[in-house]
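Chain by chain, the residues run as shown.
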Amino acid sequence: VSPYVRSPFKMKHIFQQQKIYFSSSVRHRLSEVSLRSRATALFPVLLQGEKGTGREIAAKWLHFRSPHLDRLFCRLNAASLMEEALLNVFLVKEKGFYKPKNLGTLYLEEVGNLRLDVQERLTELLDEGCVATPDGKEIAVNFRVVASTSRDLPELVYRHAFKEELYYKLSVINIQLPPLRERQEEIGGIARQVLEGAAQKYALRVKGFSPDALNLLKNYYWPGNVQELESVVLRTL
């Protein structure tokens, strides 16, 4: 597994270009967590929500509004994560010696899919705050883990498919991202923002949505959530 890592400057630029369509309650919760003291800026965060609800953008929000925004943001897909790849996130070898990477946030996507052996190693990491190098030395690491899931983690814990200890460690701060179908009154406004943003980006003239079109958008189920809405709106251009 190759971790997704970019320089903090590049990542911040990309994040600032992204449109954010969170509900006011989610924005408030993210801001509340971001404004905590430096001492609590490394508390783990669990983002719960369906695919397409903006979980990765929420993770970046927390990173770039934390005291550690000048450090690396690393995204790993938990479904295909092996133990060696997890450890490689924290270490870099220079001139024959291992030293810790300048990691600020480790974002674990779909953490409910983690292999049990990786769950075990992650639990140890969060417990001990250090990682063992291939030559047997222990190196301290200081980072925030933000995990996301669309699965019912307590149910996985009940079925012994997810470590109970790890669940409690990851969910120190828990943020729910509601599906788009539960934000029906906001769909029209989000669709207009997407349309206006696309028109500006591609230098197009657009007229907006007819009342019938808005009604159709509001009453659709949106299994792909905001990502699907963006795709549908772009296809209308």
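Conventions used here
- Residues numbered from 1 in each chain as written.
- Predicted model: local features only at pLDDT ≥ 70, side-chain atom pairs only at ≥ 80, totals over all residues.
- Heavy atoms only, no water.
- Disulfide = S-S within 2.5 Å.
- Buried < 20%, exposed > 50% of the residue type's maximum accessible area, 1.4 Å probe, protein only.
- Axes fitted to C-alpha atoms, helices over the stretch in contact; angles between N-to-C directions.
- Helix = DSSP H or I, 4+ residues; strand = E, 2+ residues; numbered from the N terminus.
- Left-handed = near helix turned anticlockwise from the far one by under 90°.
- Contact = heavy atoms within 4.5 Å.
- Nonpolar A, V, L, I, M, F, W, Y, C, P; charged D, E, K, R; others polar.
- Pairing = 2+ DSSP bridges.
- Phe/Tyr/Trp six-rings, centres within 6.5 Å; stacked < 30°, edge-to-face > 60°.
- Lys NZ or Arg CZ within 6 Å of the ring centre and 35° of its normal.
- Core = buried A, V, L, I, M, F, W, Y, C linked by side-chain atoms within 4.5 Å.
- 1 Å grid on protein atoms, 1.4 Å probe; cavity = no way out; pocket = protein on both sides within 12 Å on 5 of 7 lines; lining within 4 Å.
- Points joined across faces, edges and corners; volume = space filled by probe spheres on them.
- Polar contact = N/O pair within 3.5 Å; in protein donor to acceptor, adjacent residues only side chain to side chain.
- Arc of directions from axis to C-beta.

Caption draft 1: Quick look at the state of the cysteines. Considering all chains together, one arrives at zero disulfides under this definition. Just so you know, Cys74 is unpaired, no disulfide at all, and the nearest cysteine sulfur is the one on Cys130, 19 Å from it. A residue is classified by how much of its surface remains accessible, and Cys74, at 1% relative accessible area, is buried.

Caption draft 2: Expanded view of the packing of helix H2 (residues 24-34) against helix H3 (residues 55-64). The interhelical angle for the contact between H2 and H3, taken along N-to-C directions, is 35°, at an axis separation of 9 Å. Taken as a pair, H2 and H3 cross one another with a handedness that is right-handed. On H3, the residues that touch Arg27, Leu30, Ser31, Val33 and Ser34 of H2 are Ala58, Trp61 and Leu62. For the contact of H2 with H3, the residue count by class is five nonpolar, two polar and one charged.

Caption draft 3: Broad picture of the pairing of strand E2 (residues 45-48). Burial along E2 is two-sided: the residues Val45 and Leu47 and Leu46 and Gln48 are all buried. Pairing geometry for E2 and strand E10 (residues 173-176), over four bridges, is parallel. Directly across from Leu46, in E10, lies its bridge partner Asn174.

Caption draft 4: Seen up close, unusual backbone geometry. At Trp222, a position not held by glycine, the phi torsion is positive, near 55°. The buried category is assigned to Trp222, whose relative accessible area is 1%. The backbone phi angle of Asn225 is positive, close to 55°, even though this residue is not glycine. Considering the arrangement of structural elements, one finds Asn225 in helix H10 (residues 225-235).

Caption draft 5: Spatial organisation of the pairing of strand E6 (residues 103-109). For E6, a buried count of six out of seven residues is recorded, marking the element as mostly surrounded by other parts of the structure. Sheet topology note: the strand E3 (residues 72-77)/E6 ladder contains six bridges and is parallel. For Leu76, the partnering residue across the bridge sits in E6 and is Leu108. Two elements, E6 and strand E9 (residues 144-149), share four bridges in a ladder whose sense is parallel. Looking across to E9, one finds that Tyr107 is bridged to Val146.

Caption draft 6: A look at the packing of aromatic side chains. Within the structure shown, the criterion is met by five aromatic pairs. Seen in terms of ring centroids, Tyr220 and Trp222 are 4.6 Å apart; in terms of plane orientation they differ by 85°. Their pairing is edge-to-face. Look at Tyr220 and you get partly exposed, because its relative accessible area is 39%. The cationic tip of Arg65 hangs over the ring face of Trp61; the distance from NZ or CZ to the ring centre is 4.1 Å.

Caption draft 7: A look at the nonpolar core. Leu86, Phe90, Leu106, Leu108, Val111 and Phe162 are the most contacted members of the largest nonpolar core, which totals 33 residues. Those elements giving two or more residues to this core turn out to be E3, helix H4 (83-88), E6, helix H5 (116-128), E9, helix H6 (153-158) and helix H7 (164-170). With sequence-adjacent residues up to four places away left out, Leu86 is seen in contact with Leu76, Leu81, Leu106, Val118, Arg121, Leu122 and Leu125. Val45, Leu47, Phe73 and Ile173 belong to the second largest nonpolar core, which has 18 residues in total.

Caption draft 8: Up close: the layout of surface pockets. Within this model, the second largest pocket holds a volume of roughly 180 Å³. Taken together, Leu42, Pro44, Leu125, Leu126, Gly129, Val141, Asn142, Phe143, Arg144, Val145, Lys169 and Val172 form the lining of the second largest pocket. Of all elements in the fold, only H5 and E9 reach the threshold of two or more residues within the lining of the second largest pocket. Class assignment of the residues belonging to the lining of the second largest pocket gives a composition of eight nonpolar, two polar and two charged.

Caption draft 9: Broad picture of the side chain of Thr53. With respect to the helices, strands and loops of the structure, Thr53 is situated in the loop between E2 and H3. Looking at Thr53, its side chain comes within polar contact range of the main-chain oxygen of Glu50, at 2.6 Å. Every residue in contact with Thr53, bar those within four places of it in the chain, is listed here: Phe22, Leu177, Pro178, Pro179 and Asn225.

Caption draft 10: Spatial organisation of H10. By the burial criterion, the buried members of H10 are Asn225, Val226, Leu229 and Val233. Taken down its axis, H10 places every buried residue within 100° of arc, on the same side. Seen from the open side of H10, the exposed residues pointing more than 90 degrees away from its buried face are Gln227 and Arg235. Looking at the buried residues of H10, the elements they touch are helix H8 (184-201) and helix H9 (211-219).

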